[in-house]
Amino acid sequence: MMPRLGDFCWSELLTFDIKKAKDFYTSVLGWEAKDLEVGNEPYVMLMSENKGFGGIMKFSSDKENITSHWISYIAVKDLSETLEKAKKFGASILKPVTLLPEKGRFAIITDPTGATIAFWESFLRT
């Protein structure tokens, strides 16, 4: 089932220690974890009842005081249009449009209050 437009549709943990995070969340919450590679980088898909809802990926930053953190994705119909609106209303683009072949594309912004969020445009329509 596709998420409704405007709904939160995916959550991702960016962490310095994928194994520790995977062990923690699968043990505490009973989530299932599937090890994958995305662009030659390790990625853990988080699942519940065999349905993916998020992931864990390695975070690397040369900035001080950056810690592991979660980021949420919101489903949008047209990513380019959404980004233009976001910029018009004071957002800054942190990660420009990025393609995930055959799946969709995403971008990450900082809103005018300083909060970080990602937008997701799926190529899969039902």
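Residues numbered from 1 in each chain as written. Predicted model: local features only at pLDDT ≥ 70, side-chain atom pairs only at ≥ 80, totals over all residues. Heavy atoms only, no water.

Chemist: Which parts of the structure should I look at to understand the overall build of the protein?
Modeler: Each helix and strand counted, the protein has two helices and eight strands in total. For the protein, the C-alpha radius of gyration of 15 Å lies close to 14 Å, the compact-globule estimate for 126 residues. For the C-alpha atoms alone, the extent of the protein along its principal axes is close to 40 × 40 × 25 Å. When burial is assessed residue by residue, the protein has 31% of its 126 residues classed as buried. Taking all contacts inside the protein whose residues are at least 6 apart in sequence as the whole, residues at least 24 apart take part in 48%. Just so you have it, the protein exposes about 8,600 Å², and 55% of that area is on carbon and sulfur atoms. Between the centroid of the 16 positive side chains of the protein and the centroid of its 17 negative side chains there is a distance of 4 Å. (Helix = DSSP H or I, 4+ residues; strand = E, 2+ residues; numbered from the N terminus. Rg over C-alpha atoms; globule rule 2.2 N^0.38 Å. Buried < 20%, exposed > 50% of the residue type's maximum accessible area, 1.4 Å probe, protein only. Contact = heavy atoms within 4.5 Å. Areas by Shrake-Rupley, 256 points an atom, 1.4 Å probe, with all protein chains shown as cover. Lys, Arg positive; Asp, Glu negative; His and termini not counted. Charge placed at Lys NZ, Arg CZ, Asp CG, Glu CD.)

Chemist: Would you explain the packing of aromatic side chains in this entry?
Modeler: The description of two aromatic rings rests on the distance between their centres and on the angle between their planes. By the definition in use, this model includes seven aromatic pairs. Seen in terms of ring centroids, Tyr25 and Trp31 are 5.4 Å apart; in terms of plane orientation they differ by 15°. Their pairing is stacked. A residue is classified by how much of its surface remains accessible, and Tyr25, at 18% relative accessible area, is buried. On the basis of relative accessible area, Trp31 is assigned to the partly exposed category, the value being 22%. The interplanar angle of 70° and the centroid separation of 4.8 Å between the aromatic rings of Trp31 and Phe53 together place this pair among those described as edge-to-face. Here Trp31 is found in the loop between helix H1 (18–29) and strand E2 (32–38), whereas its partner Phe53 is found in strand E4 (residues 51–58), with 22 residues between them in sequence. Each member of the aromatic cluster is reached from another via a ring pair, and the members are Phe24, Tyr25, Trp31, Phe53 and Trp70. (Phe/Tyr/Trp six-rings, centres within 6.5 Å; stacked < 30°, edge-to-face > 60°.)

Chemist: Can you help me understand a nonpolar patch on the surface in this one?
Modeler: A contiguous nonpolar patch, built from Phe24, Val28 and Leu29 and spanning about 290 Å² of accessible area, is present on the exposed surface. Note that Val28 resides in helix H1. For Val28, a relative accessible area of 52% puts it in the exposed group. (Patch = residues over 30% accessible without salt bridge, like charges linked within 9 Å, V, L, I, M, F, W, Y side chains within 5 Å. Salt bridge = Lys/Arg side-chain N within 4 Å of Asp/Glu carboxyl O.)

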